Amino acid sequence: MNTLAKFELMEKIVRELVDLQHSQQAIIQKIGKIEVDNIELGDKKLDKDLPDMHQRVADNLDTIVSILAYFEDKTNTFGDKNNVEALKDQQTIDNAGQ
């Protein structure tokens, strides 16, 4: 895999991690809404299980945020170290000449 292709794959993974982060945030919000609705309903199974679900999803979100920060930094460092902008410019020039 050439440098530019590797960088583009790394950028794709960053975008997927951001999407995953947003999905986890949405799940936390939905669980929270169910918890609020259940205050009025008072279902014992929901009272018992929803807080645990909420915590597990929150823990997953913390892990995703950590991985995202690490991988964004790694991607940016890789891009800077390998002068990816110049490689993109050269690829544009090469493609225009074909």
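Please read all numbers here as calculations on a predicted model, not as lab measurements. (Residues numbered from 1 in each chain as written. Predicted model: local features only at pLDDT ≥ 70, side-chain atom pairs only at ≥ 80, totals over all residues. Heavy atoms only, no water.)

K.L.:
Looking at this structure, how should I read the overall build of the protein chain?
P.N.:
Across its full length, the protein chain holds three helices and zero strands. Taken from N to C terminus, the helices and strands of the protein chain fall in the order α-α-α. Taken over the C-alpha trace, the protein chain has a radius of gyration of 21 Å; the compact-globule value for 98 residues is 13 Å, which it surpasses by more than 25%. With the principal axes as the frame, the protein chain shows a C-alpha extent of 70 × 25 × 15 Å. Within the protein chain, the proportion of its 98 residues that are buried is 22%. In the protein chain, the proportion of contacts linking residues at least 24 apart, taken out of those at least 6 apart, comes to 79%. Accessible area for the protein chain stands at about 7,300 Å²; split by element, carbon and sulfur atoms hold 54% of it. Put simply, the protein chain has 12 plus and 19 minus side-chain charges, and the middle of one group is 5 Å from the middle of the other. (Helix = DSSP H or I, 4+ residues; strand = E, 2+ residues; numbered from the N terminus. Rg over C-alpha atoms; globule rule 2.2 N^0.38 Å. Buried < 20%, exposed > 50% of the residue type's maximum accessible area, 1.4 Å probe, protein only. Contact = heavy atoms within 4.5 Å. Areas by Shrake-Rupley, 256 points an atom, 1.4 Å probe, with all protein chains shown as cover. Lys, Arg positive; Asp, Glu negative; His and termini not counted. Charge placed at Lys NZ, Arg CZ, Asp CG, Glu CD.)

K.L.:
Please explain the pattern of salt bridges as it appears in this structure.
P.N.:
Charged atoms that come close allow side chains of opposite charge to pair. Taken as a whole and judged by the stated rule, the model has four salt bridges. D49 serves as the salt-bridge partner of K48, at 3.5 Å between the closest nitrogen and oxygen. Among the residues examined, D49 registers a relative accessible area of 23% and is labelled partly exposed. (Salt bridge = Lys/Arg side-chain N within 4 Å of Asp/Glu carboxyl O.)

K.L.:
What is the right way to read the side chain of T75 from this model?
P.N.:
Among the structural elements, T75 can be located in helix α2 (residues 44-81). Leaving out residues up to four positions away in the same chain, T75 has contacts with F7, M10, E11 and V14.

K.L.:
Before we go on, may I ask you to explain the side chain of Q24 in this structure?
P.N.:
As for its placement among the helices and strands, Q24 is situated in helix α1 (residues 3-41). When neighbours within four sequence positions are excluded, Q24 is seen to be in contact with V57, N60, L61 and I64.

K.L.:
Any chance you could explain α1 here in plain terms?
P.N.:
Given 3.6 residues per turn, any residue in an α-helix points the same way as the ones three and four places further on. Between its first and last C-alpha atoms α1 spans 57 Å; for 39 residues at 1.5 Å apiece the expected length is 57 Å, and the two agree. Contacts from the buried residues of α1 go to α2 and α3 (84-96). Looking at where α1 begins, the residue whose side-chain oxygen comes 3.1 Å from the main-chain nitrogen of L4 is N2. Following α1 by one or two positions, G42 has its phi on the positive side, about 75°. (Expected span 1.5 Å × (residues − 1). Polar contact = N/O pair within 3.5 Å; in protein donor to acceptor, adjacent residues only side chain to side chain.)

K.L.:
How do you make sense of the packing of α1 against α2 when you look at a structure like this?
P.N.:
Relative orientation and spacing of two packed helices are given, respectively, by the angle between their axes and the distance between those axes. Where α1 contacts α2, the axes come no closer than 9 Å and their chain directions differ by 160°. Classified by the angle their axes make, α1 and α2 are roughly antiparallel. In this structure, α1 crosses over α2, and the sense of that crossing is left-handed. Grouping the amino acids of the contact of α1 with α2 by side-chain chemistry returns 24 nonpolar, 10 polar and six charged. (Axes fitted to C-alpha atoms, helices over the stretch in contact; angles between N-to-C directions. Parallel < 35°, antiparallel > 145°, perpendicular 65-115°, else oblique. Left-handed = near helix turned anticlockwise from the far one by under 90°. Nonpolar A, V, L, I, M, F, W, Y, C, P; charged D, E, K, R; others polar.)

K.L.:
Got a minute to help me understand the environment of S66 in this structure?
P.N.:
Along the chain, the position of S66 falls in helix α2. Each C-alpha atom of the pair S66 and K48 lies 29 Å from the other, and the pair is 18 residues apart in sequence.

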